[in-house]
Amino acid sequence: MFTHKRADFGPDFIFGVAMAAHQIEGGQTDGRGPSIWDTFANTPGNTRNFDNGNVACDHYNRWGEDLDIIRDGGFDAYRFSFSWSRLMPEGTIAINQAGVDFYDRLIDGMLERNIKPLATLYHWDLPSALQDRGGWMNRDTTAAFADYAAFAAEKFGSRLESIATFNEPWCITVLSHFLGAHAPGYRDVRATARAMHHVLLAHGLGIKAMREVGTNKNLGIVVNMEKCDPASDKPEDIEAAALGDAIFNQFFLDGVLKGTYPEKVTNILEPHLPKDWRDDMATLNQPLDWVGINYYTRFLYTADPKVPVFPFTQARGPLEKTNVGWEIIPEALTEFLVRVSNRYPGLPIYVTENGASETDEAKRINFFDRHFAAMVEAKRHGVDLRGYIAWTLIDNFEWAEGFTPKFGIVGMDPVTLDRHPKDSYRAFQQMLVK
């Protein structure tokens, strides 16, 4: 069991669990339009074992059972995402009432169980109809997102505890348009640069649109941060790690919270960014009510001038790892929380994702406990840390890795889809249930 107690974090600290629409819902027969992850995952070679989210965890039908599990675990909140194409099958204008009804049931079900609904508008599943017109490479998608944000806020906002515009812009852009590992699977620097800017422009337009329809509280964004260390003490490796940090940990937060991009990045991407991109920076920089940090691991950076665009390579280091090979370095969570608190003062912070893929429950429990210690240390340094959201509730479709990773504190039978709470769920339950 955990060595920490709920009281270690203060009386108003929120504990929750997170899942995302495409990874768990299934339910694709209610009029939901296709998304980029439907086609990406159903194309051979893109996902491990040809796994896909067609059924996923069948949360679309089992949502009540899943909310009961969250409630019974003592969790205060559920961080979920809307499927844009379930609400707007073409990405614009026409509304799918069955999709609206589903999220009405889900949100009302949370409130009936005293679970705070923490909504994310976009967790990677762009409607295919918008991808047909260029997706995040096309500036028009930013206006479509603003319309979608306004609709969701107007329809559901009064019942939501918070709304995040985007989950992990780095994954939406660099991982998906430069490295090609996630949908839509591009490997193109121009596509990447435009997606990086347009996603943040969509964020700014979305925040403005939601405030204009009267949703004026608890609006934010969720970014992932990854520790970037040099592989050696060579100056060129130190510089490579600094560039990696600027791309991963500075570009997106500086864009939305400072209205600037790091010069280390724009010096490289300038030829590929949209014309007059600087004119958009004031729109990106909308006042926010909070920021969410997702943190898992680190990379070691080695300079490599032969590599075009970003001249470095990355590798995992020698520290203890989870079963997907991610190093465990909890002290970096403290480092990031203190850094964000100091760099963007006055903004409440949530750890919106943190967890471990493991089959050894003792290791998973230890992982959580060590990161709890990192948060207590951050609070000791004065960080205004308001909550912790574990990834994830149920073993689910982990994108390109399919169903192989096991991040859940609840297991799922691959045939019956029945849920089975693990020891880590019981550890949370023991800590949280009053």
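Above this text sits the structure in question.
Let me sum up the structure you'll find in this document.

### Quick look at the state of the cysteines
Scanning the entire structure with this criterion turns up 0 disulfides. The closest cysteine sulfur to the non-disulfide-bonded C57 is located on C171, 19 Å from its own sulfur. A residue is classified by how much of its surface remains accessible, and C57, at 0% relative accessible area, is buried. The structure places no disulfide on C171, whose sulfur is separated from the nearest cysteine sulfur, that of C228, by 13 Å. Looking at C171, the relative accessible area reads 6%, which means it is buried.

### Details of helix α13 (residues 331–343)
Helix length check: α13 (13 residues) gives 18 Å between terminal C-alpha atoms against 18 Å at 1.5 Å per residue, within 8%. Looking only at α13, the buried set comprises A332, L333, T334, F336, L337, V338, V340 and S341. Of the surrounding elements, those touching the buried residues of α13 are β5 (219–230), α10 (235–258), β6 (290–303), β8 (349–353), α14 (361–380) and β9 (385–391).

### A closer look at the side chain of D229
Among the structural elements, D229 can be located in strand β5. Here R298 takes part through its side chain, which lies 2.8 Å from a polar atom of the side chain of D229. Contacts of D229, omitting those with residues within four sequence positions, involve A241, R298, F299, L300 and Y301.

### Side note on the packing of helix α8 (residues 169–178) against α10
The N-to-C vectors of α8 and α10 enclose an angle of 130°; their axes lie 10 Å apart at closest approach. Taken together, α8 and α10 sit at an angle that is classed as oblique. Note on packing geometry: the crossing formed by α8 with α10 is right-handed. Taken together, the residues of α10 that come into contact with α8 (itself represented by P169, W170, T173 and V174) are I247, F248 and F252. Among the residues forming the contact of α8 with α10, the class breakdown is 6 nonpolar, 1 polar and no charged.

### A word on the pattern of salt bridges
Going through the model one piece at a time under the given rule, you end up with 33 salt bridges. For R139, the salt bridge identified is with D280, shortest N-O distance 2.8 Å. With a gap of 141 residues between them, R139 in the loop between α6 (128–131) and α7 (140–156) and D280 in the loop between α11 (263–269) and α12 (281–284) connect regions that are remote in the sequence. Accessibility expressed as a relative area gives 39% for R139, which makes it partly exposed. Looking at D280, the relative accessible area reads 7%, which means it is buried. Among the charged side chains, a network of salt bridges with common partners joins K227, D229, R298, E327 and E335.

The rules we used
Residues numbered from 1 in each chain as written. Predicted model: local features only at pLDDT ≥ 70, side-chain atom pairs only at ≥ 80, totals over all residues. Heavy atoms only, no water. Disulfide = S-S within 2.5 Å. Buried < 20%, exposed > 50% of the residue type's maximum accessible area, 1.4 Å probe, protein only. Helix = DSSP H or I, 4+ residues; strand = E, 2+ residues; numbered from the N terminus. Expected span 1.5 Å × (residues − 1). Contact = heavy atoms within 4.5 Å. Polar contact = N/O pair within 3.5 Å; in protein donor to acceptor, adjacent residues only side chain to side chain. Axes fitted to C-alpha atoms, helices over the stretch in contact; angles between N-to-C directions. Parallel < 35°, antiparallel > 145°, perpendicular 65-115°, else oblique. Left-handed = near helix turned anticlockwise from the far one by under 90°. Nonpolar A, V, L, I, M, F, W, Y, C, P; charged D, E, K, R; others polar. Salt bridge = Lys/Arg side-chain N within 4 Å of Asp/Glu carboxyl O.

Coordinates in, geometry out; function isn't part of it.
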